[in-house]
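What follows is each chain in one-letter form.
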Amino acid sequence: MRNIVALGVASLLLFAEFTSPLTPAPQTVAPPPVRYKLRTVVLDAGHGGKDRGCTGVSAREADVALKLVLALGKEIEGKMPDVKVVYTRKTDVFVELADRANIANKHNADLFISIHCNAATPAAHGTEVWTMGPHKTDANLAVAKRENSVILQEDNYKEQYNGFDPTSPQSHILFSLFQSAYMVNSLRFAQKVDRHFRTTLKRPSRGVKQAGFLVLWKSAMPAVLIESGFLTNRQEENYLNDKTNQAYMASGIYQAFREYKQELETGSGD
């Protein structure tokens, strides 16, 4: 009988040892956090085909923008083989504004870069980098109106763009409210491009600006529109129409892209 009692007590003590609240619970190792990777960039050469864009004495915006985009794409493809480069056009063809954003969305792009040339009085000069947002001056609105007027060459543009009127300031105010979810990173990249234009390339800069651009409207990712210079300024037209300078411009944008990518992937900031 004593043996049975002793055995029972020993069993209870053993059970209590294994169920004691002081016994640490088994530890589970959390998986490492998934790090963000910038995998795809969409490069958009403004205008094209029947849409020549603005013109200088000898240069057309559609042609200069395409050469800049191809030079930028070559930089990225050559130095960042892990990044997929998608072009909205690689030849002189007309692509509707909505289709440009659709291409970016279809490829789940991480960044959308649209390159253009500017037009104004012969004295106007300098680069501009734009993001989607509310225009703060009539001059900003005028640039957006000029770029958005491309849709007048598209079929059924009123249905395609929900009744958007490219001549109406109210329409531009409405569309400038889109893309707010991506505004921070759009501005981050835009500021880097502008800084490299000013410091690395020594280009005159008119700064980072915001307005309602249809080409940025439906792009579900950070997006910028770069005005590389004024074709209506003879000196800038000569600069932008030169192959060596086009490579310099592309190199400046690439350096901004490299810094932006590194910041996002490492979680660091300015």
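Computed from a predicted structure; not experimentally measured.

## What about the nonpolar core?
Counting 39 residues, the largest nonpolar core has Val41, Leu72, Ile76, Ile113, Phe189, Ile226 and Phe257 as its most contacted members. Elements with a minimum of two residues in this core: β1 (40–45), α2 (61–79), β2 (84–87), β3 (111–118), α7 (183–199), β6 (223–230) and α10 (243–266). Broken down by element, this core gets its largest block of residues, eight residues, from α10.

## Quick look at the confidence of the model for the chain
Scored by pLDDT, the chain has a mean of 82; 69% of the residues are at 70 or more. Low pLDDT, under 50, characterises residues 1–21; the stretch is placed with one contact to residues that sit more than four places away or in other chains.

## Some details on the pattern of salt bridges
This structure, assessed with the given rule, holds 16 salt bridges. Among the salt bridges present, the one from Asp44 reaches Arg100, with a minimum N-O distance of 2.5 Å. Taken together, the residues span a long stretch of sequence, with Asp44 in strand β1 and Arg100 in helix α3 (residues 97–106) at a distance of 56 residues. Both residues of the pair, Asp44 and Arg100, count as buried. Across the pair Glu263 and Lys192 runs a salt bridge whose closest N-O atoms are separated by 2.7 Å. A residue pair is termed long-range when its members are at least 10 positions apart, and Glu263 in helix α10 and Lys192 in helix α7 qualify at 71 residues. Here the two residues Glu263 and Lys192 agree in accessibility, since each one is buried.

## What to know about α7
Compared with an ideal rise of 1.5 Å per residue, which puts 17 residues at 24 Å, α7 spans 24 Å between its outermost C-alpha atoms and is within 8% of the ideal. Those residues of α7 that fall on the buried side of the exposure criterion are Ser186, Phe189, Ala190, Lys192, Val193, Asp194, His196 and Phe197. Elements that come into contact with the buried residues of α7 comprise β3, β4 (127–132), β5 (205–211), β6 and α10.

## Let's talk about the side chain of Ser114
Note that Ser114 resides in strand β3. At a separation of 2.5 Å, a polar atom in the side chain of Ser114 contacts the side chain of Asp44. Among all residues touching Ser114, those that are not within four sequence positions of it are Asp44, Val215, Val224, Leu225 and Ile226.

## Focus: the packing of α7 against α10
The N-to-C vectors of α7 and α10 enclose an angle of 140°; their axes lie 8 Å apart at closest approach. Between α7 and α10, the interaxial angle falls into the category oblique. Crossing handedness for the pair α7 and α10: right-handed. Contacts between α7 and α10 involve Asn185, Arg188, Phe189, Lys192, Val193, Arg195, His196 and Phe197 from the former and Met249, Gly252, Ile253, Gln255, Ala256, Phe257, Glu259, Tyr260, Glu263 and Leu264 from the latter.

About the cut-offs
- Residues numbered from 1 in each chain as written.
- Predicted model: local features only at pLDDT ≥ 70, side-chain atom pairs only at ≥ 80, totals over all residues.
- Heavy atoms only, no water.
- Core = buried A, V, L, I, M, F, W, Y, C linked by side-chain atoms within 4.5 Å.
- Buried < 20%, exposed > 50% of the residue type's maximum accessible area, 1.4 Å probe, protein only.
- Helix = DSSP H or I, 4+ residues; strand = E, 2+ residues; numbered from the N terminus.
- pLDDT = per-residue confidence, 0-100.
- Contact = heavy atoms within 4.5 Å.
- Salt bridge = Lys/Arg side-chain N within 4 Å of Asp/Glu carboxyl O.
- Expected span 1.5 Å × (residues − 1).
- Polar contact = N/O pair within 3.5 Å; in protein donor to acceptor, adjacent residues only side chain to side chain.
- Axes fitted to C-alpha atoms, helices over the stretch in contact; angles between N-to-C directions.
- Parallel < 35°, antiparallel > 145°, perpendicular 65-115°, else oblique.
- Left-handed = near helix turned anticlockwise from the far one by under 90°.

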